[in-house]
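Here's the letter readout for the chains.
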Amino acid sequence: MQQKSKLFLQALKYSIPHLGKCMQKQHLNHCNFTDHYYSRIKLKKGHLTKCLQNKPKISELARNIPSRSFSCKDFLPIKQENEKPLSENMDAFEKVRTKLETQPQEEYEIINAEVKHGGFVYYQEGCCLVRSKDEEADNDNYEVLFNLEELKLDQPFIDCIRVAPDEKYVAAKIRTEDSEASTCIIVKLSDQPVMEASFPNVSSFEWVKDEEDEDVLFYTFQRNLRCHDVYRATFGDNKRNERFYTEKDPSYFVFLYLTKDSRFLTINIMNKTTSEVWLIDGLSPWDPPVLIQKRIHGVLYYVEHRDDELYILTNVGEPTEFKLMRTAADTPAIMNWDLFFTMKRNTKVVDLDMFKDHCVLFLKHSNLLYVNVIGLADDSVRSLKLPPWACGFIMDTNSDPKNCPFQLCSPIRPPKYYTYKFAEGKLFEETGHEDPITKTSRVLRLEAKSKDGKLVPMTVFHKTDSEDLQKKPLLVHVYGAYGMDLKMNFRPERRALVDDGWILAYCHVRGGGELGLQWHADGRLTKKLHGLADLEACIKTLHGQGFSQPSLTALTAFSAGGVLVGALCNFNPDLLRAVTLEAPFLDVLNTMMDTTLPLTLEELEEWGNPSSDEKHKNYIKRYCPYQNIKPQHYPSIHITAYENDERVPLKGIVNYTEKLKEAVTEHAKGAGEGYQAPSIILDIQPGGNHVIEDSHKKITAQIKFLYEELGLDSTSVFETLKKYLKF
C-alpha cells in the first residue's frame, strides 16, 4: 500500500485506470494523475530519504483509476503566446548571486523506482537497470542488468520494478516524460543478464510461481488509456503469452495487486464508485480465478491476506465510509464478511499495510494525520496522532515484520522518516538533520463556512516573523474532484515562496477526498457547485481573517482543479489578482458529450452524462468554465499546457484561451481610459504528456508571472530557488 489504500484511495483519489488528470513523474490523473508510484526526494547534501517500492500498495489500485482523458490528434500547431522569451526568465537565475553561500546548500532531486528483493537492491543508475548487494546500495559497486538505450527511447526512465520470486527474472516498466505509453522488459538474471522479452503498453504487472517452480508473469495491457485486458506469460523453455481476462464494460478498468504475503494475486476491476476483485492462487496460478464478490453499484472494496483470512477495506453498509472487514479465504462472499474495525466519521483512509501480527491504518481525520496500529492477536488498537506540520504520507513497503517505516511531508518540508516498532509499541522519529523551516514557518488548520453552512478545512503556511499578513501575497491551491486529496507533497518552489514571505493556503473543498467518501459524493455530479461555493468561502474567510487581500491573491490549480478555478474567475473574479493553471480541464460540457474520447465513459459518475440526461447537461452548463466566459474584468491568467497531453488535449485549452481573450478585449473597449486589461498567457510546453512537475522552465515562467502581476520584486525568490534547484 505505498499509496494500498492507493489501491482504492487511488481509486478514489484519481479516478480510473490511470488516475486521470493529475500526475507527476511519480504519476498522474485526468485531473490529477498522478501520482503513480511515489517519487522519492533525495536531500543531496544531507541524507537520502529512502522509499523502497517492493510491492504496489492497495492505494496503487485506486491510484490507477483513469480520470479524464482525451485524444488530441487533429489540432493545428499553436504558436506559444508568452509575452517574453523564456530565455529571459532563465537569465534571472544566472544574473542573481546567492547571498546564502555560507549556509548549507540543499538541492533536492527526484530519484526513480527502487526495489529490494532477497539480498539485492534493484534500481536505475544512469541509463541502466542495475542491482547491487543491499549493504552496498549507496556506493558504485553494482551489476548492470540492462541498458535502456537499447529501446531507442528519448530519455527513458524506470517507474516500476518487479523481481520474480526465485530471482531468475526481473521485470521493469520503462517510459518517457513525453508519453504515458510504457514498455515492460523481462531480463533473465544469469552470469550475463539478457533481455528475454518486452511487452508494449503495460500498466500493472506481478510475478507468481507455479507448482513446478516456474515463474509466471501477469500483466495488464493498456489501449487508448484504457486498461481492460490481463495477460499471463512464461519464459525460458516453456515460453507462452496468453490473454487471461478481458473486462467488457468500458466504464471499468483493471489493475493487478499482489497481497503483501504474496499468497494471492488480485485482479481489481473498478470504476470511480464500484469495484470487483478476483483471486488468483499464488501457488496455483493456472487454476481459474475465484470471485470474492460480484460488483454492486456504489460498493468499493480492496483485499489483503494474512493467515488464511482476507482483510477487506470497503464502504459497504452504513455509514458509506470505509471500514475494515475480514473473512476466511475459502468463504470470501460478502455475506461472510465480519466487521473488524470502523473508522470515525469524516475520516479518510490514506493507506493500509499488513504485517504478521499487526494491521496498520494510515488515516486523515479533521485534516490531521494519524496512524492506527491494530493488534491482530488481541484486536487491540493504538491510535497515534502525528506531528501537526505533516500533510501527507509516503509509504515504504518493506518485508521486516517487526517495523513499519513511513515518511511524512508537507508542501514546504521534505519527507522525514518515522518507524513504528511493534515490540516497543512506539513511534521513532529519524534523528539528525532538522529542517530549519520548522522554526521559521507556521502551519495553521482553519475552517471556512460555506454557503450551506458546511465547514471546509484549510491548511495555511506562512513565515513566523511575518508582520501585517494582510499586505503579504497569498497563493491559494485547490483541486476538488474524483475524491482525491489536494496534492500536498514537498516542492522546492513552494518552500521558496514561503521563504520570500508568501502565504500558501490549501483549500480542501468538497469533491476531493480529505474528509472521506461522503466529502467526494457531496461535490460530484449535480453537487459540483458545492466545491465552487467552498472555494469562494475559503478565499473570503482568509481575507476576513487578515490573510492578504484580493489585489495580492493568486489562485492555482492543476488538471481537474481548473474546473473550480475557471468557474470562480467567471462568477467572482474580483476575489483574485492572478491565476496559474496547469494542464487544466476547462470545457466539461463538450468533453463529456463526446463519448469517443478514451475515458469519457469512465468519467460519467464524476461529471454526469449530458448526452442522455438533460438535468446533467443543464447543470454542467451552470458551472463549465468555457461555457460561462463573458465580457467582464478577469484576473490575469497563465496557462501551462503540454503538447502531447492525451488527457487534456491542447486543442480544448487553446479554444478556451481564444474565447477568454475575445471576452477580455470586448470588455476593455467599454472600460474607459486607464483600464489595465489582464494578461492572458498560454505557455505551451513542448513534448510532455500530462505534467512535468519539476520542469525548471515551467516553474520559472509561473513564478515570474505571479511576481509581475502582483507587482513584487522577484530577486529574492530567484535566489532561494537557485539554492534548492539545479538550474
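If you're wondering where the values come from, they're calculated on a predicted model, not measured in any experiment.

(A) Quick peek at the overall build of the protein chain. Each helix and strand in the protein chain was counted, giving 14 helices and 38 strands. In the protein chain, which comprises 727 residues, the share counted as buried stands at 63%. Only carbon and sulfur atoms are counted for the fraction: they give 47% of the accessible area of the protein chain, which is about 27200 Å².

(B) Highlighting the nonpolar core. Of all hydrophobic cores here, the largest spans 95 residues; its most connected members are Val 476, Leu 535, Leu 542, Leu 555, Val 588, Trp 607 and Ile 637. Phe 322, Phe 341, Met 354 and Tyr 370 belong to the second-largest nonpolar core, a separate cluster that totals 23 residues.

(C) Spotlight on helix α10 (residues 600-607). Counting buried positions along α10 gives six out of eight residues, so the element sits mostly inside the fold. Within the span of α10, buried status applies to Thr 600, Glu 602, Glu 603, Leu 604, Glu 606 and Trp 607. On its buried face, α10 sits against β13 (226-234), α6 (517-521), α7 (528-544), α8 (561-571), α9 (588-593) and α11 (614-623). Positive phi appears at Gly 608, one or two residues downstream of α10, with a value of about 105°.

(D) Region of the structure containing α11. Along α11, the residues that are buried comprise His 616, Tyr 619, Ile 620 and Tyr 623. Each buried residue of α11 sits inside an arc of 100° when the element is viewed along its axis, so together they form one side. The elements touched by buried residues of α11 are α7, α8, α9 and α10. If you check the start of α11, you find a side-chain oxygen 2.9 Å away from the backbone N of Lys 615, and it comes from Asp 613.

(E) Broad picture of the sheet that holds strand β6 (residues 143-147). The strand order across the open sheet built from four strands is β3-β4-β5-β6, with neighbouring strands paired in antiparallel fashion. The open sheet has two edge strands, β3 (114-117) and β6, and neither has a second partner. Recorded for the sheet is a direction-independent mean angle of 25° between the axes of neighbouring strands. With four bridges joining them, β3 and strand β4 (residues 120-125) adopt antiparallel strand pairing. Its bridge partner being in β4, Val 115 is matched across the sheet by Tyr 122.

(F) Representation of the pattern of salt bridges. Counted by the stated rule, this structure contains 29 salt bridges. One salt bridge connects Arg 295 with Glu 247, and the closest N-O pair in it is separated by 2.9 Å. With Arg 295 in the loop between β18 (290-293) and β19 (301-306) and Glu 247 in the loop between β14 (240-246) and β15 (253-258), this pair connects stretches of sequence that are 48 residues apart. On the accessibility criterion, Glu 247 (6% relative accessible area) is buried.

(G) Quick look at the environment of Ser 695. For Ser 695, the location among the structural elements is in the loop between β38 (680-685) and α13 (696-709). Residue classification places Ser 695 among the buried residues on the basis of a relative accessible area of 14%. Counting along the chain gives ten residues from Ser 695 to Gln 685, while the straight-line C-alpha distance between them is 9.5 Å.

(H) Local environment of the packing of aromatic side chains. Scanning all chains against the criterion turns up 22 aromatic pairs. Both rings, one in Phe 218 and one in Phe 244, keep their centres 5.4 Å apart while their planes meet at 85°; by these two values the pair is edge-to-face. Highlighted residues: Phe 218 in strand β12 (residues 215-223) and Phe 244 in strand β14, separated in sequence by 26 residues. Looking at Phe 218, the relative accessible area reads 0%, which means it is buried. Pairing Phe 362 with Phe 393 gives two aromatic rings, centres 5.2 Å apart and planes at 75°, and the pair type is edge-to-face. With Phe 362 in strand β24 (residues 358-365) and Phe 393 in strand β27 (residues 392-395), the pair connects residues that are 31 residues apart, well separated along the chain. Assigned by exposure class, Phe 362 and Phe 393 land together as buried. Site record: aromatic cluster; members linked through ring pairs are Tyr 169, Phe 199, Trp 207, Tyr 219, Phe 221, Tyr 231 and Phe 235.

(I) Focus on the confidence of the model for the protein chain. Taken over all residues, the pLDDT of the protein chain has a mean of 82, while the share at 70 or more is 82%. This stretch, residues 1-56, has a pLDDT under 50; its non-local contacts, to residues over four places away or in other chains, come to 395 contacts. This stretch, residues 58-111, has a pLDDT under 50; its non-local contacts, to residues over four places away or in other chains, come to 238 contacts.

(J) Region of the structure containing the sheet that holds strand β37 (residues 636-642). Reading across from one edge, β31-β32-β34-β33-β35-β36-β37-β38 is the order of the eight strands in this open sheet, with mixed pairing throughout. The strands lining the two open edges of the sheet, one partner per strand, are β31 (441-449) and β38. If you compare each strand with its neighbour and ignore which way they point, the axes differ by 20° on average. By the bridge criterion, six bridges tie β37 to β38 in an arrangement that is parallel. Paired with His 638 across the bridge in β38 is Ile 681. Each of β31, β32 (455-463), β33 (474-478), β34 (503-507) and β35 (553-558) touches α7; the most contacted strand, β31, lies at about 125° to it.

(K) Inspection of the environment of Pro 414 at higher detail. Looking at where Pro 414 falls in the secondary structure, it is placed in strand β29 (residues 413-421). Between the C-alpha atoms of Pro 414 and Asn 489, which are 75 residues apart in sequence, the distance is 8.2 Å.

(L) Summary view of the environment of Leu 721. Looking at the element boundaries, Leu 721 is found in helix α14 (residues 715-724). Assessed through its relative accessible area of 0%, Leu 721 is described here as buried.

(M) Broad picture of the pairing of strand β23 (residues 347-354). The buried count for β23 comes to eight of eight residues, which makes it a mostly enclosed element. In textbook terms, the turn of a hairpin is the stretch between consecutive antiparallel strands, and for β23 and β24 this stretch comprises three residues.

(N) Quick look at the side chain of Glu 321. Of note, Glu 321 is situated in the loop between β20 (309-314) and β21 (323-328). For the buried residue Glu 321, which engages in no salt bridge, the nearest side chain bearing the opposite charge is Arg 345, 6.6 Å off. Polar side-chain contacts of Glu 321 include one of 2.6 Å to the backbone nitrogen of Leu 517. Once residues lying within four places of it in the same chain are set aside, the contact partners of Glu 321 are Thr 314, Asn 315, Thr 347, Leu 515, Gly 516, Leu 517 and Gln 518.

(O) The packing of α7 against α8, seen in detail. Remark: α7 packs on α8, axes separated minimally by 10 Å, with the N-to-C direction vectors making an angle of 65°. Considered as vectors, α7 and α8 are oriented roughly perpendicular to each other. Pair α7 / α8 crosses with right-handed handedness. Contact residues: α7 offers Lys 528, Gly 531, Leu 532, Leu 535, Glu 536 and Ile 539, while α8 offers Leu 564, Ala 567, Leu 568 and Phe 571. Of the residues contributing to the contact of α7 with α8, the split by class is seven nonpolar, one polar and two charged.

(P) Examining a negative patch on the surface more closely. Side chains of Glu 211, Glu 212, Asp 213 and Asp 287 sit close together on the surface and give a patch of like negative charge. Within the fold, Glu 212 resides in the loop between β11 (202-209) and β12. When its relative accessible area of 69% is taken as the criterion, Glu 212 is described as exposed.

(Q) Structural detail: unusual backbone geometry. With an omega of -10°, the peptide bond running from Glu 318 to Pro 319 counts as cis. Relative to the helices and strands, Pro 319 is located in the loop between β20 and β21. The phi angle at Asn 201 is positive, at roughly 55°, despite the residue not being glycine. For Asn 201, the position within the fold is in the loop between β10 (194-200) and β11. Despite not being glycine, Leu 225 shows a phi value in the positive range, around 65°. Judged by relative accessible area, which is 6%, Leu 225 ranks as buried.

The rules behind the values
- Residues numbered from 1 in each chain as written.
- Predicted model: local features only at pLDDT ≥ 70, side-chain atom pairs only at ≥ 80, totals over all residues.
- Heavy atoms only, no water.
- Helix = DSSP H or I, 4+ residues; strand = E, 2+ residues; numbered from the N terminus.
- Buried < 20%, exposed > 50% of the residue type's maximum accessible area, 1.4 Å probe, protein only.
- Areas by Shrake-Rupley, 256 points an atom, 1.4 Å probe, with all protein chains shown as cover.
- Core = buried A, V, L, I, M, F, W, Y, C linked by side-chain atoms within 4.5 Å.
- Contact = heavy atoms within 4.5 Å.
- Arc of directions from axis to C-beta.
- Polar contact = N/O pair within 3.5 Å; in protein donor to acceptor, adjacent residues only side chain to side chain.
- Pairing = 2+ DSSP bridges.
- Axes fitted to C-alpha atoms, helices over the stretch in contact; angles between N-to-C directions.
- Salt bridge = Lys/Arg side-chain N within 4 Å of Asp/Glu carboxyl O.
- Phe/Tyr/Trp six-rings, centres within 6.5 Å; stacked < 30°, edge-to-face > 60°.
- pLDDT = per-residue confidence, 0-100.
- Lys, Arg positive; Asp, Glu negative; His and termini not counted.
- Parallel < 35°, antiparallel > 145°, perpendicular 65-115°, else oblique.
- Left-handed = near helix turned anticlockwise from the far one by under 90°.
- Nonpolar A, V, L, I, M, F, W, Y, C, P; charged D, E, K, R; others polar.
- Patch = residues over 30% accessible without salt bridge, like charges linked within 9 Å, V, L, I, M, F, W, Y side chains within 5 Å.
- Charge placed at Lys NZ, Arg CZ, Asp CG, Glu CD.

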